[in-house]
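Here are the chains, one letter per residue:
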Amino acid sequence: MTSTDQVPASEPSDLTVRRLEQAAATLPMSDTNDFTDADRGFVAELKPGVVEDADGNVVWDNDSFGYIQGSCPNSVNPSLWRQAQLMIKQGLYEVAPGFYQIRGLDLSNMTLVEGETGVIVIDPLISTETAKAGLELYRAHRGDRPVTGLIYTHSHVDHFGGAMGVTTVEDVAAGKVPVLAPAGFVEHAVSENVYAGTAMGRRAGYMYGAVLPRDPKGQISAGLGMTTSTGTVTLIPPTKDITETGQEEVVDGVRIVFQMTPGTEAPSEMNFYFPDHRALCMAENATHTLHNILTLRGAVVRDAHVWSQYLTEAIVLFGAKTDVAFASHHWPMWGTDKVTEWLAGQRDTYAYLHDQTLRLLNQGHTGIEIAEMIQMPPALEGSWHTHGYYGSVSHDVKAIYQRYMGWFDGNPAHLWEHPPVESAKRHVAVIGGADAAVEAARKAYDDGDYRWVVQLLNYVIFADPTHAAAKALQANAFDQLGYGAENGTWRNFFLSGAYELRNGNFGTPTQTASPSIMAALTVDQVFESASFLVNGPKAWDLHLINDWTITDENTTYRPELRNGALIHHVVPADFTGPDPDATFTLTRHDLIATIAGGVDIADGRVQVSGDPAKLRQLIAVLDTPDPDFNIVTP
């Protein structure tokens, strides 16, 4: 479907416009310090602000956000509009002498620290193409310095995916470019993009507004950055693990002191300090937004309590010794007192959300109730950097509740509810049929109760996905909720739902399980990934035992399929269990290709003893994930 074929979004309702005007009146618009900081140190921009891949496909287009200028339109929350105006600033910026950032060329920032012989790259964006363009922009103004170090702050793809755009596997292997990362980095980076990668990728298309038009009724930002690039994702594994707080390393003559922060914004993450420069990198643990405790695309629930504790530790360790703090998103902060207050405000936000959620859940309130009850302290409400542009008070509170209490709210009426379609059919029948439900929703729409509209019409659509009037009204209600959202990802979710109701399923626009990420799988992760694909009912009656001897590890692994579950373990030298149906001898790389179907065991690369048909039986019961599953329709 071309852009000209797309059904247009609805206009903001009068009530939406009034609500946005009221929201604007409550905002501290006179505080413009962020604009001063975001412009500070500007050197040059990339002209045009467009990055293409080798085939000429556009993988990043910052210029397409050029409409985010001037007064806020009546289809955008004024707070989110302000945040987007700050984030569309693009180019090379000097943070401090010898410290530079590339901003506005991807969802994240790439930081460059000049060493004795070259430049150290921190977080090389999502795509090789955007990382390469950023490095070229730096070199155009700072000289053709070689990359002499690479640091990943944490295990999310927007902080490592462009690795091969700034260095090569060969230079890393030769020891020319050390690659530093927090302990556990590869495990978490790979597992997030492979284990539940299909489902996360599909939902990420909603979260980042992948197909939304670039206009005031479409994609405004994702709150943390404008959106994600769509180029080539790569991964170069670390050569040096950071394992403890206080660990000091010297890279190209630059001293760096590390602080481990596992379980915060990522399961593997670290902050670090440059003692000779009084500069502090806060990774993604402190930015200019309230962050996610559970991101809308899906992830392991984060620990708001430990997050706040690590921010306190950062203040204690580095606060009084810091002149400038920067992160892998947004813009830096300058001045010891200002940095310390920023870190303290971020810390207080996560601590308050955590502690108040625990207080209220111990009074018997559920997550959805607490999300409506909780009010942030006035001082935090009055600080721009604690506003919910990426995370939100509402969904963060529910995530904290989930971390402690799980999905069940304790009410036995919710213990065994009907699944969505069957529940929807019964709701619609009680209401008096689909048409009656739509009429009730239309009245609620006119009254401005858009939350009830989408809840009510969801029943109609799941009971009857062909009901055109319900889908049209649902799309309009999603529009109004999107227009009113301060949170960038909420806006994108609402408007993406409206888009699909009008134009059909857009699938998963980007893929993060790239060849280089798949190549980083450990043998354990290969078999774990395969176990998640087993179609249990199809495999109930199969009992298969295959041994896999990995030549480059000199280790034999035994996956055993029984009762629909694929379990694996290392075979010790003195193992006395049953004989395998077959034994396959190969490299780890060929194992990955074999399980993925890219290597035929008959081509000679795999040595086989026993019955090779047993492998075909195993592969026959592995499902293929669906990257195009429905979200707003059944």
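Quick summary incoming for the structure in this document.

Cut-offs applied
- Once a new chain begins, its residue numbering starts again from 1 and follows that chain's sequence as written.
- With pLDDT at 70 or above as the cut-off, local features in this predicted model cover only qualifying residues; side-chain atom pairs require 80 or more to be listed or tallied, and sums for whole chains, interfaces and linings still use all residues.
- Based on all heavy atoms of the structure, the side-chain values leave hydrogens and waters out of the count.
- Elements are defined by DSSP. Helices are runs of H or I of four residues or more, strands are runs of E of two residues or more, and each kind is numbered from the N terminus.
- For the radius of gyration, the atoms used are the C-alpha atoms, and the globule rule reads 2.2 Å times the number of residues raised to 0.38.
- For every residue, the accessible area (1.4 Å probe, protein chains only) is compared with the maximum for its type, and the residue is labelled buried under 20%, exposed over 50%, or partly exposed between those bounds.
- In this description, contact between two residues means that some pair of their heavy atoms is separated by no more than 4.5 Å.
- Residue exposure ignores everything except the shown protein chains as possible cover, and the areas themselves are Shrake-Rupley values with a 1.4 Å probe.
- A residue counts as positive if it is Lys or Arg and as negative if it is Asp or Glu; His and the chain ends are not included.
- Where a charge sits is defined by one atom per residue type, namely NZ (Lys), CZ (Arg), CG (Asp) or CD (Glu).
- Axis definition: a line fitted to C-alpha atoms, limited for helices to the stretch in contact. Angles are taken between N-to-C directions and run from 0 to 180 degrees.
- Convention used here: angles under 35 degrees read as roughly parallel, angles over 145 as roughly antiparallel, angles from 65 to 115 as roughly perpendicular, and any remaining angle as oblique.
- Less than a right angle of anticlockwise turn of the near helix away from the far helix marks a crossing as left-handed, whereas a clockwise turn marks it as right-handed.
- Note on residue classes: Ala, Val, Leu, Ile, Met, Phe, Trp, Tyr, Cys and Pro are nonpolar, Asp, Glu, Lys and Arg are charged, and everything else, Gly too, is polar.
- Note on definitions: salt bridges are taken to be side-chain nitrogens of Lys or Arg within 4 Å of carboxyl oxygens of Asp or Glu.
- Stacked, tilted and edge-to-face are the three classes applied to pairs of Phe, Tyr and Trp rings, where Trp contributes its six-membered ring and a pair requires centres within 6.5 Å; stacked means planes under 30 degrees apart, edge-to-face means over 60, and tilted covers the rest.
- Either the NZ atom of lysine or the CZ atom of arginine qualifies as a charge over a ring when it sits within 6 Å of the ring centre and within 35 degrees of the ring normal.
- Only buried Ala, Val, Leu, Ile, Met, Phe, Trp, Tyr and Cys residues count toward a nonpolar core, and they belong to the same one when joined by side-chain atoms within 4.5 Å.
- Distance thresholds for patches are 9 Å for like charges and 5 Å for nonpolar side chains (Val, Leu, Ile, Met, Phe, Trp, Tyr), applied to residues having over 30% relative accessible area and no salt bridge.
- Any pair of N or O atoms that falls within 3.5 Å is considered a polar contact. Within protein, one atom must be able to donate a hydrogen and the other to accept it, and sequence-neighbouring residues count only if both atoms are side-chain atoms.
- Strand pairing is assigned whenever DSSP identifies at least 2 bridges connecting the two strands.

## Structural notes on the overall build of the protein
1) Next: Within the protein, the secondary structure is distributed over 22 helices and 21 strands.
2) Next: Relative to the globule expectation of 26 Å for 634 residues, the C-alpha radius of gyration of the protein, 26 Å, shows essentially globular dimensions.
3) Next: Projected onto the principal axes, the alpha-carbon positions of the protein cover approximately 75 × 70 × 55 Å.
4) Next: For the protein, the proportion of its 634 residues judged to be buried stands at 55%.
5) Next: Within the protein, contacts between residues at least 6 apart in sequence are counted, and of these 71% link residues at least 24 apart.
6) Next: Accessible surface for the protein amounts to roughly 26200 Å². Of this, 52% is attributable to carbon and sulfur atoms.
7) Next: Charge separation in the protein, taken as the distance between the mean sites of 42 positive and 77 negative side-chain charges, equals 3 Å.

## Quick notes on the packing of helix α16 (residues 468-484) against helix α17 (residues 488-503)
1) Next: Where α16 meets α17, the axes come as close as 8 Å, and the angle between the chain directions of the two elements is 160°. Considering the angle they form, α16 stands roughly antiparallel to α17. Relative to α17, the crossing made by α16 is left-handed. Each of K471, Q474, A475, N476, F478, D479, L481, G482 and Y483 in α16 lies in contact with α17, whose residues at this interface are R491, F494, L495, G497, A498, L501 and R502.
2) Next: Of the residues belonging to the contact of α16 with α17, the class tally is eight nonpolar, four polar and four charged.

## Overview of the pattern of salt bridges
1) Next: In the structure shown here, the tally under the stated rule is 26 salt bridges.
2) Next: Taking the shortest distance from any N to any O, the salt bridge between E248 and R255 comes out at 3.2 Å.
3) Next: E248 gets classed as partly exposed once you look at its relative accessible area, which sits at 39%.
4) Next: A salt bridge links D447 to K443, with the nearest nitrogen and oxygen atoms 3.0 Å apart.
5) Next: A relative accessible area of 53% means that K443 is categorised as exposed.
6) Next: Where salt bridges share partners, they join E114, R142 and R145 into one cluster.

## What about the packing of aromatic side chains?
1) Next: Tallying each qualifying case throughout the model produces 23 aromatic pairs.
2) Next: Between the aromatic rings of Y195 and F532, the centroid separation amounts to 4.9 Å while the plane-to-plane angle is 80°, which identifies the pairing as edge-to-face. Placement of Y195 in the loop between α6 (185-194) and α7 (197-207) and of F532 in the loop between α19 (523-531) and α20 (536-539) is noted, with a sequence separation of 337 residues between them.
3) Next: In this structure F532 comes out as partly exposed when scored by relative accessible area, which is 47%.
4) Next: The interplanar angle of 70° and the centroid separation of 5.9 Å between the aromatic rings of F272 and F274 together place this pair among those described as edge-to-face.
5) Next: By relative accessible area, which is 0% here, F272 ends up buried.
6) Next: Sitting above the plane of the F506 ring, R202 keeps its charged end 5.3 Å from the centroid.
7) Next: Of note, R202 hangs over the ring of F629, and the distance from its end group to the ring centre comes to 5.9 Å.

## Brief notes about the nonpolar core
1) Next: In this structure, I68, Y152, W548, L561 and L591 are the most contacted members of the largest nonpolar core, which totals 88 residues.
2) Next: Aside from chain neighbours lying at most four places away, what touches L561 is V534, A539, L542, H543, L544, L566, L618 and V621.
3) Next: Core analysis: the next-biggest nonpolar cluster, separate from the first, contains 35 residues, Y273, I315, L343 and L353 among them.

## A short note on a nonpolar patch on the surface
1) Next: Together, W407, L415 and W416 give the surface a local cluster of nonpolar side chains, amounting to about 520 Å² of exposed area.
2) Next: Positionally, W416 belongs in the loop between α12 (393-405) and α13 (420-431).

## Re the environment of T508
1) Next: By the secondary structure assignment, T508 is in the loop between α17 and α18 (515-519).
2) Next: Separated by 303 residues in the primary sequence, T508 and G205 place their C-alpha atoms 6.0 Å from one another.
3) Next: Within the structure, the side chain of T508 is placed 2.5 Å from the backbone oxygen of P627, a separation counted as a polar contact.

## Comments concerning the sheet that holds strand β4 (residues 91-96)
1) Next: Spatially, eight strands are ordered β1-β4-β5-β6-β7-β8-β9-β10 in an open sheet, and the strand pairing comes out mixed. Looking at which strands have only one partner, the edges of the open sheet turn out to be β1 (42-44) and β10 (240-242). This sheet shows a mean twist of 25° between the axes of neighbouring strands, independent of strand direction.
2) Next: Here β4 runs beside strand β5 (residues 99-103); their pairing, made up of five bridges, is antiparallel.

## Quick notes on the sheet that holds strand β18 (residues 555-562)
1) Next: The sheet built from five strands is open, its strands ordered β19-β18-β17-β20-β21 with mixed pairing. Only two strands of the sheet have a single neighbouring strand rather than two, namely β19 (565-570) and β21 (607-610). Here the average twist between neighbouring strands, direction ignored, is 20°.
2) Next: As judged from the six bridges shared by β18 and β19, these two strands associate in the antiparallel manner.

## Quick word on the environment of K338
1) Next: Following the sequence through the fold, K338 ends up in helix α9 (residues 336-361).
2) Next: Taking the relative accessible area as the measure of exposure, K338 reaches 32% and is therefore partly exposed.
3) Next: Along the primary structure K338 and V632 are separated by 294 residues, whereas in three dimensions their C-alpha atoms are 44 Å apart.
4) Next: Sequence-distant contacts of K338, defined by excluding residues within four places in its chain, comprise D37 and M333.

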